[in-house]
Amino acid sequence: MSRTEAPPLPEPLRVPVADSHTHLDMQDGTVEEGLARAAAVNVTTVVQVGCDVKGSRWAAETAAAHPSVHAAVALHPNEAPRIVHGDPDGWSRQGAREGGGTAALQDALAEIDALAALDHVRAVGETGLDYFRTGPEGMAAQEESFRAHIEIAKRHGKALVIHDREAHADVLRILADAGAPERTVFHCYSGDADMARICADAGYFMSFAGNMTFKNAQPLRDALAVAPAELVLVETDAPFLTPAPYRGRPNAPYLIPVTLRAMAAVRGVDEDTLAAAIAENTARAFDY
């Protein structure tokens with residue numbers, strides 16, 4: 001079996017559901033093909049997420065062209081330090097670039113602000129903090145960008161989509177300090193059960209991805225088990241985080257049923273009940 005070969009289509013869900021976080025622009029094939037494969041297994045809605053100005057523009061254009069696509073626009077946490085400090089050695093894996101200082105960050109944020117005003121843009125994200133790839137010198141730029149995105153989301157009445165990698169305490173601190181938007185989504189939830197209880201108390205949505213199926217992911221399954229039913233979402237983060245047994249192969253929205261069935265087993269509910277709840281939660285989270 002080739003690692004590059006797409007996994008087969010799973011058995012369709014009986015209840016239609018949404019992929020709350022995907023990157024169609026990074027997947028093979030056309031948008032139309034990706035959406036058709038997803039619809040074939042009853043994944044009828046996707047949230048297309050931008051990670052930089054160019055990707056956010058693309059997300060907005062794609063959502064405008066396809067009724068089943070909603071857009072989220074933002075500068076990824078790793079993008080902010082690249083804009084400010086540059087990326088001479090390619091640490092971000094995004095290619096080398098020159099730094100433009102805080103003025104360049106403000107220009108980029110102004111573009112995100114303008115896109116966030118559009119009707120088919122339903123969220124500001126993915127934003128937040130990522131301490132996995134960004135060293136201490138980039139943390140200030142990340143925090144400045146994160147706080148700006150929180151303000152943009154609140155100003156336009158949009159959901160906030162959070163990327164939190166190895167930065168739980170600081171993400172929660174900044175949200176509490178700045179005041180989280182009414183609808184806040186932890187994309188690819190990566191905390192434990194204790195953090196899930198904190199998120200639940202704050203009313204934050206927790207979106208689970210294919211990594212909750214991985215052998216070493218018991219803390220994610222523990223978190224999923226205690227998360228309130230009305231705050232649980234499902235996502236692919238495709239082309240990344242392909243669920244077991246297809247880990248390492250390309251992910252796409254049509255694989256949502258694999259993750260959703262694993263989630264239903266963890267929660268001890270039938271898949272139709274979970275799918276119906278997630279469909280309702282996603283529509284509420286992204287206000288569509």
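Below is a short write-up of the structure. (Residues numbered from 1 in each chain as written. Predicted model: local features only at pLDDT ≥ 70, side-chain atom pairs only at ≥ 80, totals over all residues. Heavy atoms only, no water.)

**Examining the nonpolar core**
Among soluble globular proteins, nonpolar side chains are generally buried collectively.
Reasoning step 1: The biggest cluster of nonpolar side chains holds 82 residues, and the ones touching the most others in it are F146, L175, F186, Y189, F208, M263 and F286.
Reasoning step 2: By residue number, the principal contributor to this core is helix α4 (residues 101–116), which donates six residues.
Reasoning step 3: Here F208 is in contact with Y189, L220, A223, L224, V232, L233, V234, E235, T259 and M263, once residues within four sequence places are set aside. (Core = buried A, V, L, I, M, F, W, Y, C linked by side-chain atoms within 4.5 Å. Buried < 20%, exposed > 50% of the residue type's maximum accessible area, 1.4 Å probe, protein only. Helix = DSSP H or I, 4+ residues; strand = E, 2+ residues; numbered from the N terminus. Contact = heavy atoms within 4.5 Å.)

**Here we look at the pairing of strand β4 (residues 121–130)**
Reasoning step 1: Burial analysis of β4 places ten of its ten residues in the buried class, which makes it a mostly covered element.
Reasoning step 2: Both strand β3 (residues 69–73) and β4 contribute to a ladder of three bridges, which runs parallel. When the sheet's bridge partners are listed, V73 is paired in β4 with V124.
Reasoning step 3: As paired strands, β4 and strand β5 (residues 159–165) are joined by six bridges and run parallel to one another. (Pairing = 2+ DSSP bridges.)

**Thoughts on the packing of aromatic side chains**
When we look at a pair of aromatic rings, we describe it by the centre distance and by the angle of the planes.
Reasoning step 1: Enumeration according to the criterion identifies two aromatic pairs in this entry.
Reasoning step 2: Ring geometry for F186 and Y204: centres 5.7 Å apart, planes at 35°, overall tilted. With a gap of 18 residues between them, F186 in strand β6 (residues 184–186) and Y204 in the loop between α7 (193–202) and β7 (205–208) connect regions that are remote in the sequence. Per residue, the accessibility class of F186 equals that of Y204, and both read buried.
Reasoning step 3: An angle of 45° between the planes, with centres 5.4 Å apart, marks the rings of Y189 and F208 as tilted. (Phe/Tyr/Trp six-rings, centres within 6.5 Å; stacked < 30°, edge-to-face > 60°.)

**Re the pairing of strand β1 (residues 17–22)**
Reasoning step 1: The buried count for β1 comes to six of six residues, which makes it a mostly enclosed element.
Reasoning step 2: For β1 and strand β2 (residues 43–49), the ladder comprises four bridges, and the chain directions are parallel. Along β2, the bridge assignment pairs T22 with Q48.

**Regarding α7**
The periodicity of an α-helix, 3.6 residues per turn, causes residues three or four positions apart to be oriented the same way.
Reasoning step 1: Regarding α7, the residues found buried are A193, M195, A196 and C199. Viewed end-on, α7 has its buried residues packed into an arc of 150°, placing them on one side of the element. Exposed side of α7, more than 90 degrees from the buried face: D194 and D201 are the residues found there.
Reasoning step 2: Of the surrounding secondary structure, the elements contacted by the buried residues of α7 are β5, α6 (168–178), β6, β7 and α8 (218–226).
Reasoning step 3: Backbone nitrogen of D194 and a side-chain oxygen of the N-cap are separated by 3.2 Å at the start of α7; the cap is D192. (Arc of directions from axis to C-beta. Polar contact = N/O pair within 3.5 Å; in protein donor to acceptor, adjacent residues only side chain to side chain.)

**Examining the environment of A117**
Reasoning step 1: Along the polypeptide, A117 turns up in the loop between α4 and β4.
Reasoning step 2: For the pair A117 and H156, spaced 39 residues apart in the sequence, the C-alpha separation amounts to 6.0 Å.
Reasoning step 3: Once residues within four sequence positions are removed from consideration, A117 is found in contact with H156 and K158.

**Topic: the pattern of salt bridges**
Reasoning step 1: Inspection of the entire model under this criterion finds 13 salt bridges.
Reasoning step 2: A salt bridge links D194 to R197; the nearest nitrogen and oxygen atoms lie 3.0 Å apart. Here D194 pairs with R197, and both are found in helix α7, just three residues apart, close to one helical turn.
Reasoning step 3: The class of R197 is partly exposed, set by a relative accessible area of 43%.
Reasoning step 4: Measuring nitrogen to oxygen at the nearest pair gives 2.9 Å for the salt bridge that ties R261 to E271. Of this pair, R261 sits in helix α9 (residues 256–267) while E271 sits in helix α10 (residues 271–286), and the two are ten residues apart along the sequence.
Reasoning step 5: Under the relative-accessibility criterion, R261 is labelled partly exposed at 24%.
Reasoning step 6: Judged by its relative accessible area of 17%, E271 falls in the buried class.
Reasoning step 7: By sharing partners, the salt bridges in this structure join E143, R147, D170, R173 and D177 into a single network. (Salt bridge = Lys/Arg side-chain N within 4 Å of Asp/Glu carboxyl O.)

**Some thoughts on α4**
Reasoning step 1: Spanning 16 residues, α4 covers 23 Å between terminal C-alpha atoms, matching the ideal 22 Å at 1.5 Å per step.
Reasoning step 2: Taken together, the buried positions of α4 are occupied by L105, A108, L109, I112, L115 and A116. Down the axis of α4, the sector holding all buried residues measures 110°, keeping them to one side.
Reasoning step 3: Here the buried face of α4 lies against α2 (53–65), β3, α3 (79–85), β4 and α5 (139–156). (Expected span 1.5 Å × (residues − 1).)

**Some points on the side chain of N42**
Reasoning step 1: Secondary-structure assignment places N42 in the loop between α1 (31–40) and β2.
Reasoning step 2: Polar contacts involving the side chain of N42 include one to the main-chain carbonyl oxygen of L13, which spans 3.1 Å.
Reasoning step 3: When near neighbours in sequence (up to four residues on either side) are disregarded, N42 contacts L13, R14, V15, P16 and V17.

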